[in-house]
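Spelled out, the chains give:
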Amino acid sequence: MAVYTDVSDDALRAFLDDFAIGSLVAFRGIAEGVENSNFQLRTTQGDYILTLYEKRVNAQDLPWFLGLMQHLAREGVTCPQPVADRQGQSLKILAGRPAAVTTFLPGVWPRVIRLEHCRPLGQALAQLHVAGRSYVQERANGLGPDAWPPLLQSCGAGADTVQPGLLAELQAALAEIVPNWPGRGQTPSLPRGQIHADLFPDNVFFLDQKLSGLIDFYFACTDFLAYDIAICLNAWCFAIDGSFNITFARQILQGYESIRPLEDAERACMPLLARGAAMRFLLTRLYDWINTPADALVTPKDPLDYLKRLRFHMATKSSSGYGF
Ligand SMILES: Nc1ncnc2c1ncn2[C@@H]1O[C@H](COP(=O)(O)OP(=O)(O)OP(=O)(O)O)[C@@H](O)[C@H]1O
Ligand SMILES: N[C@@H](CCO)C(=O)O
């Protein structure tokens, strides 16, 4: 469960006194997610989300994230909106952590992914990329290719306790992926812009069979737009047995291209980008798997799910393997 920081009833009431959102009726910790502490709040005026930012979020980046969410909403992308207190502040401190209240987004994320989710997902991702064009301030991707070798090194021999031979397999994959990343070696650079960088099913809400909004912008950054597609192909198109669903992928790509057609270089790079995306999530999961104490309240996600995906992408040599 992702409540790393406890908030007492009294502390929360005092915190909410700064806001003009009514008085507290109920609040509960949200058991989902692994990154931040989230609470659902009900006040006399409605529902809100309270987030306390934890391990991977740098407090200095929070104004950029909250500003992006406001910008995207102005451009027509439905996402949670920061709620300002009576002094106009949305970024605050609670229980010693940076904290913000955001609006509650109606809808539920799909526990079982179906074909009809995929086209709207691709469209929403392209809308986000188009809307992000006019948000000019950049934020570097702290979990980009330069972060992967040190992350693996910090897992060290722990990797082989998860699966024998894993360290060597990942080192070999990194040696192929990192020097050939777009903009390096012989590989051309690709169009860049604001990307979500974590658009997994649990960050996409549906209501009445329609996509109702996107949440969790706390990995968003400025990077290759097509890398965001590669993240979605990883997160949405693999069955539990590790098999790739090319029909889902085709729908995501067609939905995306109905809003923002891809350049040939972006299509050609998809196997490489998909390998990088699988590596990024494999490594953060591996790090958490090794470093989460057995009695922690959070359930770490299985890194080996992403090893299956990485192997698939390492063996896929052409973009036609993704449904182009
Ligand atoms: N604005 C919102 N409106 C409604 N529900 C929300 C909102 N924000 C978060 N939630 C709920 O809280 C859960 C966890 O939120 P979130 O995905 O932001 O947490 P996280 O720890 O950052 O997760 P992740 O592991 O995906 O990075 C969501 O799956 C959703 O159920
Ligand atoms: N979406 C990520 C967790 C947030 O970094 C994962 O499933 O590994």
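Predicted, not measured: the structure shown is a model, and the values here were computed from it. (Residues numbered from 1 in each chain as written. Chains lettered and ligands numbered in written order. Predicted model: local features only at pLDDT ≥ 70, side-chain atom pairs only at ≥ 80, totals over all residues. Heavy atoms only, no water.)

1. Focus on the site of ligand 1
In the neighbourhood of ligand 1, 20 residues make up the surrounding shell, with V34, E35, N38, L105 and D216 lying closest. Between ligand 1 and N38 there is a distance of 3.1 Å, counted from an oxygen atom to a side-chain nitrogen or oxygen. Contact distances for ligand 1 include 3.5 Å between an oxygen atom and a side-chain N or O atom of D198. In the complex, 92% of the free accessible area of ligand 1, which totals 620 Å², lies under the protein chains. Here the residues of the shell around ligand 1 are counted per class, giving nine nonpolar, five polar and six charged. For the shell around ligand 1, the domains that each give at least three residues are domain 1 (9-103) and domain 2 (115-322). (Near = heavy atom within 4 Å. Polar contact = N/O pair within 3.5 Å; in protein donor to acceptor, adjacent residues only side chain to side chain. Areas by Shrake-Rupley, 256 points an atom, 1.4 Å probe, with all protein chains shown as cover. Nonpolar A, V, L, I, M, F, W, Y, C, P; charged D, E, K, R; others polar. Domains from an automatic or database assignment.)

2. Overview of the site of ligand 2
Every residue lining ligand 2 is accounted for by V34, E35, D198, F200, F219, R280, F281, R285 and K301. E35 places a polar side-chain atom, nitrogen or oxygen, 3.0 Å from an oxygen atom of ligand 2. At 2.7 Å from a nitrogen atom of ligand 2 is found a side-chain nitrogen or oxygen belonging to D198. Against a free-state accessible area of 260 Å², the protein chains account for coverage of 94% of ligand 2. Class assignment for the residues of the shell around ligand 2 results in four nonpolar, no polar and five charged.

3. Structural notes on the domain arrangement of the protein chain
One can read the domain layout of the protein chain as domain 1 (9-103) and domain 2 (115-322). On a C-alpha basis, the centres of domain 1 and domain 2 stand 27 Å from each other. In this assembly, 25 residues from domain 1 lie in contact with 26 residues from domain 2. Taking both partners together, domain 1 and domain 2 bury about 2,100 Å²; carbon and sulfur atoms supply 69% of that area. Applying the counting rule to domain 1 against domain 2 returns two salt bridges. D288 is the partner of R56 in a salt bridge, and the nearest nitrogen-oxygen pair spans 2.8 Å. Between the two partners, domain 1 and domain 2, sit nine residue pairs in polar contact (both at pLDDT 80 or more). The leading source of residues in the side of domain 1 that touches domain 2 is helix α2 (residues 62-74), at 10 residues. (Contact = heavy atoms within 4.5 Å. Buried area = accessible area lost by both parts, 1.4 Å probe. Salt bridge = Lys/Arg side-chain N within 4 Å of Asp/Glu carboxyl O. Helix = DSSP H or I, 4+ residues; strand = E, 2+ residues; numbered from the N terminus.)

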